[in-house]
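Single-letter residue listing:
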Amino acid sequence: DPSNDALYISASDSVYRWLPSDGPENGRWATVATVPGATLGKPVIANGQLYVTNGTQLLIAKLP
């Protein structure tokens, strides 16, 4: 999401945010939201919130 220079992806039941660093690994993925047993769609960031669907529901989480 270009508005806050962050990269978000979804994989299986979780959404992750890339946290860059100057260390040898260049950063790490941090879990933003998890819905056990769900298959989450592509995350959308708007108005400081994360929006993602699991096929039957729209899930909303506030971002730090």
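Along each chain, numbering runs from 1 in the same order as the chain's sequence is written. The predicted nature of this model means local features are confined to residues of pLDDT at least 70 and side-chain atom pairs, given and counted, to a pLDDT of 80 or more, with totals for whole chains, interfaces and linings taken over all residues. Here the side-chain values reflect all heavy atoms present in the structure, with hydrogen atoms and water set aside.

Draft legend 1. Layout of the nonpolar core. For the purposes of this section, nonpolar cores are sets of buried Ala, Val, Leu, Ile, Met, Phe, Trp, Tyr and Cys residues that join through side-chain atoms within 4.5 Å. We call a residue buried when its accessible area falls under 20% of the maximum for its residue type, exposed when it is over 50%, and partly exposed in between, using a 1.4 Å probe and counting protein chains only. Membership of the largest hydrophobic core is limited to 10 residues, which are Ala6, Tyr8, Val15, Ala33, Ala38, Leu40, Ile45, Leu50, Val52 and Leu63. Here a residue-residue contact requires only that any non-hydrogen atoms of the pair lie within 4.5 Å. Beyond its immediate stretch of four places on either side in the chain, Val52 contacts Val15, Leu40, Gly41, Lys42, Pro43, Gln57, Leu58 and Leu59.

Draft legend 2. Seen up close, the pairing of strand β3 (residues 27-34). Pairing between two strands is assigned when DSSP locates at least 2 bridges connecting them. Note on conventions: DSSP H or I runs of at least 4 residues are helices, E runs of at least 2 residues are strands, and numbering of each starts at the N terminus. As paired elements, strand β2 (residues 14-20) and β3 share 7 bridges and run antiparallel to each other. Its bridge partner being in β3, Leu19 is matched across the sheet by Arg28. Taking the residues between adjacent antiparallel strands as the criterion, β2 and β3 are bridged by 6 residues, where Asn26 takes a positive phi near 65°.

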